[in-house]
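The primary structure of each chain is shown beneath.
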Amino acid sequence: MILVTVVSATAVAAFNIKVFNVRYLMCAFPLYIALLAYGMPPGKRARVVVGSAVCAVMLVSDLNYFFNPLYARENVRDAVAEVMKNEESGDLIYAPAVEEVFAHYYRGPNGIRFVDPFGLGEARLDEEIARSFVSHPRIWYVRSRSWDKDPGDFLARSLQAHGRIALTWTGPGTGLYLYVR
């Protein structure tokens, strides 16, 4: 029965896109270790195999966290600094996945607007972007965790349809794009 529990917990974690990020894996770590300790098979060789498998999962998680920008902690502070260095009055900022973090560090004069690209859908989002460009000549897009908040890349396509890219910046887990009308 313990094997079913361990396999189920591992399968649920494996199908969650955040599994390779140590931040999301750590909350399950004590339960994971307890299940493994309780369910360790008899025999030295089997224990070494199970222990190695556990270490491999943690190693992959750590390697992705520290060396793969797709899973790294978002570098929102540097994105904020880049916006503040290059912004102009009347700019608008969209940061769909990290807007609260962005707002926490941002001390500039421009507005940060919430948008849910996936929730709005492509047509309604396109209308939102068209209206935004009427009142804002420049729009910043802080792209982070787009696979979660905008898996269809609706926001980037809509911004490209209504403006042109004037500046790009890339940091770990974060891309920054300035679109001008």
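All values reported here derive from a predicted model rather than from experimental measurement.

Moving on to unusual backbone geometry. Both trends apply: most residues other than glycine have a negative phi, and most peptide bonds are in trans. The phi dihedral of Arg145 is positive, around 50°, even though this residue is not glycine. Looking at where Arg145 falls in the secondary structure, it is placed in the loop between β3 (138-143) and α9 (146-149). With phi around 55°, Asp153 is a residue other than glycine that occupies positive phi space. Topologically, Asp153 is positioned in the loop between α9 and α10 (154-162).

What follows deals with the sheet that holds strand β5 (residues 174-180). Read across the sheet, 5 strands follow the order β2-β1-β3-β5-β4 without closing on themselves; strand pairing throughout is mixed. Looking along the sheet, the strands with just one partner apiece sit at the ends: β2 (111-113) and β4 (164-171). Between one strand axis and the next, the sheet turns through 20° on average, direction left out of account. The pairing of strand β1 (residues 92-94) with β3 spans 3 bridges and is classified as parallel. Bridge pairing in β3 places Tyr94 opposite Tyr141.

Bringing the pattern of salt bridges into the picture now. Applying the stated criterion across every chain yields a total of 7 salt bridges. Across the pair Arg113 and Glu128 runs a salt bridge, and its minimum N-O distance is 3.3 Å. Here the residue Arg113 occupies a position in strand β2, and Glu128 occupies one in helix α8 (residues 122-135), the gap between them amounting to 15 residues. On the basis of relative accessibility, which here comes to 30%, the residue Arg113 falls in the partly exposed class. The buried category is assigned to Glu128, whose relative accessible area is 15%. Across the pair Asp153 and Arg143 runs a salt bridge, and its minimum N-O distance is 2.8 Å. In this pair, Asp153 is assigned in the loop between α9 and α10 and Arg143 in strand β3, connecting sequence segments 10 residues apart. Arg143 sits in the partly exposed class, given a relative accessible area of 26%. A cluster of three or more residues bridged by salt bridges with shared partners is formed by Glu88, Asp91 and Arg138.

So, how was this worked out
- Throughout, residues of each chain are indexed from 1 in the direction in which the sequence is written.
- Per-residue local features of the predicted model are confined to residues with pLDDT of at least 70, and side-chain atom pairs are confined, for both listing and counting, to 80 or more; whole-chain, interface and lining totals are unaffected and use all residues.
- Where side-chain values are given, they derive from all heavy atoms of the structure, hydrogens and water being excluded.
- Under the DSSP-based scheme used, a helix requires at least four consecutive residues in state H or I and a strand at least two consecutive residues in state E, with every element numbered from the N terminus.
- Strands are labelled as partners when DSSP assigns at least two bridges between them.
- Note on definitions: angles span 0 to 180 degrees between N-to-C directions of axes, and those axes are lines fitted to C-alpha atoms, for helices only across the stretch in contact.
- Each salt bridge in this description consists of a side-chain nitrogen of Lys or Arg and a carboxyl oxygen of Asp or Glu lying within 4 Å of one another.
- Working definition: with a 1.4 Å probe on protein chains only, accessible area under 20% of the residue-type maximum means buried, over 50% means exposed, and in between means partly exposed.

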